[in-house]
Structure formats: C-alpha cells, structure tokens
Amino acid sequence: MDYMEAIARLNGMQKDELETEFKSAEGERDGSADILKRIVGSVFSASKEIKVEELYRVVINGEKPLEDYGSFWEADGGYVTLCSDPITPFLDNEIKEGSVATLITYRKAVYENPLGLMLQGFPENSSVFNILEKDGLSENGKENYLAICSFIRKELENCKPGCVFIENVKSALEDGAPSDAYCYSISGAEYCAFKPDYAKIYYRPTSSILCRLVSADEDEVKIEPLMHNSSTISDGAEIEYDDFGEVGNFTFEMADYR
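Residues numbered from 1 in each chain as written. Predicted model: local features only at pLDDT ≥ 70, side-chain atom pairs only at ≥ 80, totals over all residues. Heavy atoms only, no water.

**Q** Could you clarify how one ought to interpret the layout of surface pockets in this entry?
**A** If you roll a probe as big as a water molecule over the atoms, it shows you where there is empty space left. Looking at the largest pocket, its volume works out to about 540 Å³. Lining the largest pocket we find 24 residues, and of these Arg57, Asp76, Thr81, Asn93 and Pro161 sit closest to its centre. For the lining of the largest pocket, the secondary-structure elements that each account for two or more residues are strand 2 (54-59), strand 3 (80-83) and helix 4 (88-92). Residue composition of the lining of the largest pocket, by class: 13 nonpolar, 5 polar and 6 charged. In this model, the second largest pocket occupies a volume close to 270 Å³. Around the second largest pocket sit 13 residues that line it, and Thr88, Leu91, Asp92, Ile186 and Ser187 are the ones nearest its centre. (1 Å grid on protein atoms, 1.4 Å probe; cavity = no way out; pocket = protein on both sides within 12 Å on 5 of 7 lines; lining within 4 Å. Points joined across faces, edges and corners; volume = space filled by probe spheres on them. Helix = DSSP H or I, 4+ residues; strand = E, 2+ residues; numbered from the N terminus. Nonpolar A, V, L, I, M, F, W, Y, C, P; charged D, E, K, R; others polar.)

Written as structure tokens, this is what we have:
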C-alpha cells in the first residue's frame with residue numbers, strides 16, 4: 001500500500017473493528033489470505049538492513065555430503081531460508097537423534113548489507129515513529145499499527161519457516177511486487193529468507209559439516225561430525241571433504257547466539 005495512503009487508513013481505523021478482524025483471523029493460519037490482506041495490507045511495507053555475519057541452514061541429503069554447489073542454494077518457494085543460530089534449523093527440520101544431516105554456515109562476503117522486508121514491522125520504541133508522526137501518523141494510527149504488528153508476532157509463534165501464514169503476510173506486504181529478501185523472528189530465532197541470486201551477492205557458504213545428531217533441545221544441539229569440506233565452496237569447483245575421524249562431539253549452545 002502507498003505510504004501516505006497507509007498512514008491515512010491507520011489513522012481512520014476503529015479499534016473495535018480491528019479487534020473483530022483479529023478474532024476472525026486468529027488461528028486461521030492456513031486459510032486467512034483475504035483477512036490478512038485487509039489487516040496487514042493496511043500498513044506500509046518497510047525493509048531493514050540484514051547485518052548478521054553468519055547464518056545457518058540444515059539440509060537432509062541422506063548420508064552423503066553436499067557436492068553440488070546448487071544444493072547449497074536450493075530454494076523452497078523461490079527463497080532459501082537461513083537462521084541466525086545453528087540450533088533452530090535442527091529443531092525446525094525435526095531431525096531425529098541418530099539421523100544424519102548437513103549443517104551449513106554462510107558468512108558475510110561483502111561490506112554492504114542486504115535489505116529484507118520486515119514481516120513484523122517496527123517495535124514501539126523505534127525512532128521511526130518520530131518520522132511517521134511528522135508525516136501525519138496520529139496516536140490512534142500508531143496504536144493500530146502496533147496492534148497489527150503484535151497480531152503478526154503472536155501468530156508467528158505457532159509457525160515454522162515457509163508456513164502459509166508467513167507467505168500470506170509477505171504477500172500482503174509486497175502487494176504484488178516480490179521482495180528479494182524478507183526477515184522475521186519466532187521465539188527469539190531470527191530468520192532471513194533470500195532469493196538465491198540475491199543471497200549470493202552478500203553471503204558465501206564456507207562450512208559444510210556432514211554430521212549425526214546426538215541430541216537437540218531449545219538450549220543446545222550436540223552433533224557427531226563425520227565429514228567437513230576441506231576446500232572452498234564455489235560455483236564450478238569440486239568440493240572436497242575430509243573425514244573428521246575420532247574428534248568427539250561438537251556442542252552448540254543457544255546462549256552463544258542470543
């Protein structure tokens with residue numbers, strides 16, 4: 001929606017009508033596209049710089065390491081979704097203890113930062129509201145904006161990456177103009193979804209660990225590393241791996257990433 005049109009609409013919204021819309025959409029994460037279009041489509045879209053230096057992804061590829069460069073960028077619904085910690089991807093993919101998977105690390109490769117469409121909008125203490133108020137956002141409009149953002153955050157807590165609710169929110173905010181990247185958080189986990197060609201401008205896969213999951217919970221993941229790339233991961237080059245041997249288990253603790 002046009003920026004000034006969105007401000008005018010937010011200013012004119014009645015709280016009781018908005019609450020009715022929330023109740024209609026609450027829990028309807030698989031079929032609320034029309035309702036979300038009315039709710040989320042009432043706000044302006046905004047992007048932020050993604051400054052995360054390392055992002056992670058878990059890929060299930062049997063018990064063989066990834067050898068094809070394209071498999072590091074395999075998209076789901078046009079986007080590759082990366083996470084700011086290496087623990088959440090194991091939980092999201094519901095990897096069972098004893099199963100083998102590949103943990104990939106993507107590192108920032110350039111100084112510039114990509115821009116990602118914010119699915120959850122600005123927080124209440126954002127300095128952006130000073131600008132919005134100068135552009136005509138009223139106190140009622142601000143409260144309505146924050147209420148919509150709060151609704152999105154609440155519903156996201158029941159989602160996983162790629163769920164219909166996320167796709168519907170993204171679609172409503174894009175309003176027909178697909179973004180190259182979007183970002184959101186669920187239970188403290190930060191997600192960034194990129195169109196592969198856009199991600200390749202800013203990030204490089206640097207570490208590929210074929211591993212067996214020993215244990216996983218919300219606080220830590222313990223893996224038994226099996227193989228690790230011993231060469232640079234780049235397009236057109238053969239990716240070589242070394243056997244880890246008897247090195248013991250690796251433990252990733254959530255406290256190190258939040």
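**Q** Just checking my understanding: could you explain the pattern of salt bridges for this structure?
**A** Where charged atoms from two side chains of opposite charge approach closely, those side chains can pair. By the definition in use, this model includes 8 salt bridges. As a salt-bridge pair, glutamate 54 and arginine 107 come within 2.6 Å of each other at their nearest N and O atoms. Placement of glutamate 54 in strand 2 and of arginine 107 in strand 4 (residues 100-108) is noted, with a sequence separation of 53 residues between them. By relative accessible area, glutamate 54 is classed as partly exposed at 26%. On the accessibility criterion, arginine 107 (34% relative accessible area) is partly exposed. A salt bridge links lysine 170 to glutamate 167, with the nearest nitrogen and oxygen atoms 3.8 Å apart. Taken together, the residues span about one helical turn, with lysine 170 and glutamate 167 both in helix 7 (residues 164-174) at a distance of 3 residues. (Salt bridge = Lys/Arg side-chain N within 4 Å of Asp/Glu carboxyl O. Buried < 20%, exposed > 50% of the residue type's maximum accessible area, 1.4 Å probe, protein only.)

**Q** What am I meant to see in empty space enclosed by the protein here?
**A** With the rule as written, the count across this model stands at 1 cavity of 30 Å³ or more. Roughly 70 Å³ of internal volume is contained in the largest cavity. Taken together, 13 residues line the largest cavity, and the ones lying closest to its centre are Val43, Phe44, Gly121, Tyr145 and Leu173. Top contributing element to the lining of the largest cavity by residue count: helix 6 (residues 139-156), with 4 residues. Residue composition of the lining of the largest cavity, by class: 10 nonpolar, 3 polar and no charged.

**Q** When you look at helix 1 (residues 3-12) in this model, what are you seeing that I'm missing?
**A** Because the α-helix completes a turn every 3.6 residues, residues three or four places apart line up on one side. Those residues of helix 1 that sit buried are Ala6, Ile7 and Leu10. Buried residues in helix 1, looked at end-on, bunch into an arc of 100 degrees, giving them a common side. Packing partners of the buried residues in helix 1 comprise helix 5 (128-134) and helix 6. (Arc of directions from axis to C-beta. Contact = heavy atoms within 4.5 Å.)

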